[in-house]
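Single-letter residue listing:
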Amino acid sequence: MAFPVLSTYRLQLRGAQSGFGFTFADAEALLDYLDELGVSHLYLSPVMTAVRGSPHGYDVTDPTTVSAELGGAEGLARLSAAARERGMGLVVDIVPNHVGIDKPEQNPWWWDVLTHGRSSRYARFFDIDWDVGDGRILLPLLGSDDDLTELAVDGDRLRLGDLVLPIAPGSGGGSPAEIHDRQHYRLVGWRNGVCGYRRFFSITSLAGLRQEDRVVFDAWHAEVARWFSDGLVDGVRVDHPDGLATPTGYLAWLRDLVGPDAWIVIEKILGVDEALEPTLPVAGTTGYDVLREVGGVFLDPAGAAELTALFESAGVDDAGMPALVRSLKATVAADTLGSELGRLRRSIVAAVGADHPQLPHAVAALLGYIDVYRCDYPGLAATLPRALAQTAAATPELVPPLQIVAAALASGGEPATRLQQLCGAVTAKAVEDCLFYRDARLVSLNEVGGEPRRFGVSAAEFHYRAAMRARLWPYTMTTLTTHDTKRSEDVRARIGVLSQVPSLWREFVTRWEQLAPSPDIATGLFLWQNIFGVWPVSGKVTGELRDRLHGYTEKAIREAALHTSWHEPNTEFEGAVHSWLDIVLDGPVARELTQLVGQLNPHAENDALGQKLLALTVPGVPDVYQGTELWDDRLVDPDNRRPVDYTIRRQALKSLQHPKIRVVAAALRLRRARPDTFLRGDYRPLLATGAAADHVVAFGRGDDVVVAVSRWTFRLDETGWGDTMVPLPDGRWRDTLSGAVFTGATPTAVLFTDFPVALLERADA
């Protein structure tokens, strides 16, 4: 029996070998707590067998089995049965685009291909470039080509440090180098910029799969099919479908496999003005679009000008950010993903029978004008011709090679597919993994699915998008925090408050730069906001906080790739930044940070509660990321995969004194009590009146729920609510948070007496 997905709670599973474990048994032990919280479904990170000790599970090595580290097929079955006994269900994250090959001996499909080459039964499973080099699979696993001298023979294997590779039958004998030369693969230095297979973005340890081949699809999804035929799960979350050759075809096959009632959501990163393709047989996305809307409505647009000026004081041209994006995309395409670009070029030349010296440059420039992850969905048919026109207008010298590109794309086939796959990878690496670590105007804007040039979301946009979602995608996922977000929802909420106090922020940052000058002012402006976002209200700098901030800082400055990078670490610059951070943590700035956090944190908590309630009640199916039912200060991975203290959360749920868990429990329990209202009910904006009307966002769901939240509260401390009212629909309305009952037009000062948010249910039925 399937249970309707009313809400989900995301759990990051991991085996004990990863440092600390969280298995199916641990999830089962949480069922009573999650049931009491009001959750309908556990949403599990990938459960297929992954690289041993994997901290996340996205590096699947055997898709035909459930991870023994997590508890195996039996553990999954027990968890499912225990959930079903409580009227709950499971949703599982699946990763069809790629598999983990970091430990080749742990991946039977990849091991077989390396052993037998083109004659392997699994050769068709991988997107291998057999035409590059001498026809062997190029493996860019060496620090330099000279490392080949360290190869050793270990029985029927070659070994290089921890790397183990197979020796093909009948190819042994002689020196390790001679044996290597007889294999179906060739080890090369990663700095050569070549790779013999499609990767997940630029991650060499993740090899792309050819799910467009029905044989591959059936083999990979056999275990998924069993979950549904055995009634173990009610839905799946599909990781990065845009990386596949044909996402639309793949999702059609998946829908046929799991049945018409299964809940399917896809990790589709939509552009800020991109609509989800309406013909897809899915419930919707994993919620990054809603994350932008919910968080954005709490940003005060009045702060944009001054925060922009502060950013530009570091010598940055804020207006030039679109050009920077195009430049970063071109660089990523040519350098980081040069192997993929080279393969695309060869497919274009083969399709058209023509070449041009500037062909790679033309493709890289074209990608800069495509503002979505991929544009071959039917509803985006105008995107590519527009990008071609813009590229030609901006770079007339590229018109001849652009004609070759257009001719190849016009016929579809391999060139069109590879362009789309490259487009998504380029966008992710240039924007999410680079620009978002450089843009320091307001870093809470720099989120997956976000657009830093859009300073917040107006109430008008918010209401209209929500109403459209109720009509078109009522079962899509809504979320605020995921395993991929750059900062947790509460960190973003606190940073977002700076939009209300730009002058105060400039004053503090200017003084901090005098007390503790950062090695680079643009880097400093970025890091100051993140430090402020996680700074403890108590001001106590623990060893854990210090380690977390140093780890985050290293990742941030390397991703930004301005002064250092992962491939070319600048130890002098990195050392200076780490020394600066210690000065901040140990010097007079720490006291001022504590002072500022103490002053602004009430407003941050106000917005954190507001965005949480919106995410749980707007159209869609809400997900609660593990631990975010209490205040959460996590940053980007791996920080957001730290252990969660459920003892504290159980106590908080029992007492309901903590405002956030009180809001979460009230909303989830109301969803469970009134499923029709939230799954099928309409969305109606309620427009406040009075002097502070802009400080309220309110709406009705169906005819029996009203939601209202306050925002931009810093100014309200001075002006007060005055005559501001919320016009409640006819009848009596009880606040599920405070128990108060209201009727008719209600003063906001009364509505928000106990909490800065209100969740009302009809009390006269």
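Residues numbered from 1 in each chain as written. Predicted model: local features only at pLDDT ≥ 70, side-chain atom pairs only at ≥ 80, totals over all residues. Heavy atoms only, no water.

What about the sheet that holds strand β9 (residues 157-160)?
Here three strands make up an open sheet; going across it, the order is β8-β9-β10 and the pairing antiparallel. For this open sheet the edge positions go to β8 (152-154) and β10 (163-166), each flanked by a neighbour on one side alone. Averaged over all pairs of adjacent strands, the angle between strand axes in this sheet comes to 35 degrees, irrespective of strand direction. As paired strands, β9 and β10 are joined by four bridges and run antiparallel to one another. By the bridge assignment, Arg159 is partnered in β10 with Val164. (Pairing = 2+ DSSP bridges. Helix = DSSP H or I, 4+ residues; strand = E, 2+ residues; numbered from the N terminus. Axes fitted to C-alpha atoms, helices over the stretch in contact; angles between N-to-C directions.)

A few points about the sheet that holds strand β12 (residues 199-200)
Reading across from one edge, β6-β13-β12 is the order of the three strands in this open sheet, with antiparallel pairing throughout. The strands lining the two open edges of the sheet, one partner per strand, are β6 (98-100) and β12. Where β12 and strand β13 (residues 203-208) come together, two bridges link them in antiparallel fashion. Counterpart to Phe200 in the pairing with β13 is Ile203.

Considerations on the packing of aromatic side chains
The way to describe two aromatic rings as a pair is by their centre distance and the angle between their planes. Counted under the stated rule, the structure contains 19 aromatic pairs. Aromatic side chains Trp110 and Tyr197 sit 5.3 Å apart centroid to centroid with 75 degrees between the ring planes, which places their arrangement in the edge-to-face category. Linking Trp110 in helix α4 (residues 108-116) with Tyr197 in the loop between β11 (185-189) and β12, this pair joins segments that are 87 residues apart in sequence. The two residues Trp110 and Tyr197 agree in class, both being buried. In this structure, Arg10 packs its charged tip against the face of Tyr43, placed 4.6 Å from the ring centre. One residue, Arg14, lies across the ring of Phe20, its end atom 3.9 Å from the ring centre. (Phe/Tyr/Trp six-rings, centres within 6.5 Å; stacked < 30°, edge-to-face > 60°. Buried < 20%, exposed > 50% of the residue type's maximum accessible area, 1.4 Å probe, protein only. Lys NZ or Arg CZ within 6 Å of the ring centre and 35° of its normal.)

With respect to the side chain of Asn640
With respect to the helices and strands, the residue Asn640 is situated in the loop between β18 (621-625) and α24 (646-655). Note on Asn640: relative accessible area 2%, which makes it buried. There is a polar contact of 3.1 Å between the side chain of Asn640 and the backbone oxygen of His483. Apart from the residues within four sequence positions on either side, Asn640 is in contact with Thr482, His483, Asp484, Thr485, Tyr625, Gln626, Arg634 and Leu635. (Polar contact = N/O pair within 3.5 Å; in protein donor to acceptor, adjacent residues only side chain to side chain. Contact = heavy atoms within 4.5 Å.)

Points about the pattern of salt bridges
The final tally for this structure, using the stated rule, is 64 salt bridges. The residue Glu293 makes a salt bridge to Arg469 at a minimum N-O spacing of 3.0 Å. Here Glu293, found in helix α9 (residues 288-296), pairs with Arg469, found in helix α17 (residues 459-472); they are 176 residues apart in sequence, far enough to count as distant. Owing to a relative accessible area of 4%, Glu293 belongs among the buried residues under this scheme. Three or more residues are tied together by salt bridges with common partners; here these are Asp127, Asp129, Arg198, Arg343, Arg346, Glu414 and Arg418. (Salt bridge = Lys/Arg side-chain N within 4 Å of Asp/Glu carboxyl O.)

Examining unusual backbone geometry
The residue after Asp637, namely Pro638, is reached through a cis peptide bond having omega 5 degrees. Within the secondary structure layout, Pro638 lies in the loop between β18 and α24. One non-glycine residue, Leu656, lies in positive phi territory at about 55 degrees. Tracing the chain through its elements places Leu656 in the loop between α24 and α25 (659-673). Residues other than glycine seldom take positive phi values, yet Trp712 does so here, at roughly 50 degrees. Mapping Trp712 onto the fold places it in the loop between β21 (705-710) and α27 (713-719).

Digging into the pairing of strand β20 (residues 696-701)
Looking along a regular strand, one sees the side chains alternate between the two faces of the sheet. Most of β20 is tucked away: six of the six residues are buried. Pairing between strand β19 (residues 683-686) and β20: four bridges, direction antiparallel. If you follow Leu686 over to β20, its bridge partner there is Ala698. Relative to β21, β20 is paired through six bridges, and the arrangement is antiparallel. Each bridged residue has a counterpart across the sheet, and for Arg701 the counterpart in β21 is Val705.

Re the nonpolar core
Soluble globular proteins: nonpolar side chains tend toward being buried together. By size, the foremost hydrophobic cluster in this structure holds 221 residues, and its most contacted members are Leu37, Leu44 and Trp227. Broken down by element, this core gets its largest block of residues, twelve residues, from helix α23 (residues 588-617). If sequence neighbours within four positions are ignored, Leu44 has contacts with Arg10, Leu11, Leu13, Phe24, Leu76, Leu79, Leu90, Val91, Val92 and Asp93. Listed in part, the 18 residues of the second largest apolar core include Val696, Ala708, Trp733 and Ala758. (Core = buried A, V, L, I, M, F, W, Y, C linked by side-chain atoms within 4.5 Å.)

Some remarks on the domain arrangement of the chain
Under the domain assignment, the chain is made up of domain 1 (8-97 + 212-256), domain 2 (104-208), domain 3 (319-418), domain 4 (489-600) and domain 5 (679-764). The centre of domain 1, based on its C-alpha atoms, is set 37 Å off from the matching centre of domain 4. (Domains from an automatic or database assignment.)

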